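Residues per chain, in single letters:
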Amino acid sequence: MRSKYSVHMEPYDRIINLPSTLNTVLWVLMSGGLLAVLVLLFFKAALPTTIAISMLPVVSIFLHQLNRKGKHKTASFGAFLLTASVLTYVQVINNGLYDVSLLAYPALIVFSSLLLGTHFVVPITLIMVAVLTVLQQLTTAGIVTPYDGNLVSPQQDYWSIVIAIVTTGLLVYIITSLIRRNVAKIIESEQRIKLVYENTLKGWARALELRDHETEGHSQRVTRLTIALAKKLGVSGEELIAVRWGAILHDIGKMSVPDAILLKRGKLSTEEFDIIKKHPETAYILLENIPYLQNAMKIPHAHHERWDGSGYPYGLKGEDIPLAARIFSVVDVWDALRSERPYKKDWSAQSTITYLEENAGTLFDPNVVHAFLALLEEEQEPANLPT
């Protein structure tokens, strides 16, 4: 199912796991800010200082909610501004350009730029330079005075610090640009590999259909409908890819079924049906040693399990059946009933819908059936769903 940080993220953000990393940063700001406030209250520090530091946990809670809603960049930039504001306040009430907290500025640029990416390096660096310029002007005007007046040479020290900040920003820009470029190449390579994988899987499914002409086109139809239904139920990302591949391969286990049984036009004997029932286990044996298909095995292995435990191969019941398999089983039955076979006529759309409704909660997950029927209602002509 979808993560609680459910949005479409750039590849760079996925690589650094931006939602999780930002969540950790905000928890550190919240807990650190609360601890600092308690210490200040204990030592009876100046009220303005206590109020300023208390902004860390208060604003961090708000930013944490933004992060949960998927607004990761906004929350990240807010965390940067919050931290920079608190650091600047500490400098103003202490030694200005000569306060030790100034050492945190380069680190703040590095960390914030890595979170936000290349495009934010320049704005972050310019903000830091602007803050330093204000501090320099306040020091020159005597509004901010270091504890040791002999240290004051604000003009010279200002340019030294600005050069250090700009150099840091330049280095971070180069590093994040290289990271983004390399990530783009990695993502492109992954897409090519996945395309090769999918074409291979389609070839396997096509080979099975060529063997059994009566089911030709079945794999394509159920794959498209399964993807649509999975999306409707909140499946996304890598899980959706696994569902797609599983749907393509759902009957791969039938490779081991003899032609005399697979292509038989009459009713199967008990012994013959027992052989058919082994195809999910055969699928598992065929796929278990292929690393990239591990998550895709749920459908080939469990799509004949039933909600009430009456299915096979293991008699799984209810939510013990993987969601992908529960989704696919509804689509598979829909397409099977709607298709003509040598041993049966095709059912009408309404008859098939009635069958699904009557068996929701027994053979099928009722929530999946409800979502599927809603999907059919979204189609103008349910009997002619896209193939």
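Here the structure is a predicted model, which means the values were calculated and not measured.

**Here we look at the overall build of the chain**
Point 1. For the chain, the helix and strand inventory stands at 16 helices and zero strands.
Point 2. Counting the 387 residues in the chain, one finds 43% classified as buried.
Point 3. Look at the contacts in the chain between residues 6 or more apart in sequence, and 67% of them connect residues 24 or more apart.
Point 4. Summing over all exposed atoms, the chain offers an accessible surface of approximately 20,700 Å²; the carbon and sulfur share of this is 61%.

**Some points on the packing of helix H14 (residues 323-338) against helix H15 (residues 349-359)**
Point 1. Two elements in contact, H14 and H15, have axes separated by 10 Å at closest approach and are oriented at 145°. Both H14 and H15 take part in a crossing whose hand is right-handed. Contact residues: H14 offers Val330, Val333, Trp334, Leu337 and Arg338, while H15 offers Ala349, Thr352, Ile353, Tyr355 and Leu356.
Point 2. Broken down by class, the residue content of the contact of H14 with H15 amounts to eight nonpolar, one polar and one charged.

**Considering the environment of Gly318**
Point 1. Within the element layout of this structure, Gly318 appears in the loop between helix H13 (298-302) and H14.
Point 2. A sequence separation of eleven residues divides Gly318 from Trp307, and the C-alpha atoms of the two residues are 4.7 Å apart.
Point 3. The residues touching Gly318, leaving out its near neighbours within four places in the chain, are Trp307 and Arg326.

**Quick word on empty space enclosed by the protein**
Point 1. Summed over the entire model, instances satisfying the criterion amount to two cavities of 30 Å³ or more.
Point 2. Glu305, Arg306, Trp307, Ile321, Arg326, Ser329, Leu363, Phe364 and Asp365 are the residues that line the second largest cavity.
Point 3. For the lining of the second largest cavity, a count of residues per class yields four nonpolar, one polar and four charged.

**A closer look at helix H9 (residues 237-248)**
Given 3.6 residues per turn, any residue in an α-helix points the same way as the ones three and four places further on.
Point 1. Over its twelve residues, H9 extends 17 Å from the first C-alpha to the last, a length consistent with the 16 Å expected when each residue adds 1.5 Å.
Point 2. Burial in H9 covers these residues: Leu240, Ala242, Val243, Trp245, Gly246, Ala247 and Ile248.

**Side note on the environment of Ala349**
Point 1. Tracing the backbone through its elements, the reader meets Ala349 in helix H15.
Point 2. Overall, the relative accessible area of 14% leaves Ala349 in the buried class.
Point 3. Between the alpha carbons of Ala349 and Leu376 there is a distance of 9.8 Å; along the sequence they are 27 residues apart.

**Remarks on the side chain of Thr50**
Point 1. Examined against the element boundaries, Thr50 turns out to sit in helix H3 (residues 47-68).
Point 2. Since its relative accessible area comes to 8%, Thr50 is described here as buried.
Point 3. Ignoring anything within four residues of it in the chain, the contact list for Thr50 reads Val37, Leu40, Leu41 and Ala45.

Calculation criteria
Residues numbered from 1 in each chain as written. Predicted model: local features only at pLDDT ≥ 70, side-chain atom pairs only at ≥ 80, totals over all residues. Heavy atoms only, no water. Helix = DSSP H or I, 4+ residues; strand = E, 2+ residues; numbered from the N terminus. Buried < 20%, exposed > 50% of the residue type's maximum accessible area, 1.4 Å probe, protein only. Contact = heavy atoms within 4.5 Å. Areas by Shrake-Rupley, 256 points an atom, 1.4 Å probe, with all protein chains shown as cover. Axes fitted to C-alpha atoms, helices over the stretch in contact; angles between N-to-C directions. Left-handed = near helix turned anticlockwise from the far one by under 90°. Nonpolar A, V, L, I, M, F, W, Y, C, P; charged D, E, K, R; others polar. 1 Å grid on protein atoms, 1.4 Å probe; cavity = no way out; pocket = protein on both sides within 12 Å on 5 of 7 lines; lining within 4 Å. Points joined across faces, edges and corners; volume = space filled by probe spheres on them. Expected span 1.5 Å × (residues − 1).

Keep in mind that these numbers describe shape and distance, not what the molecule does.
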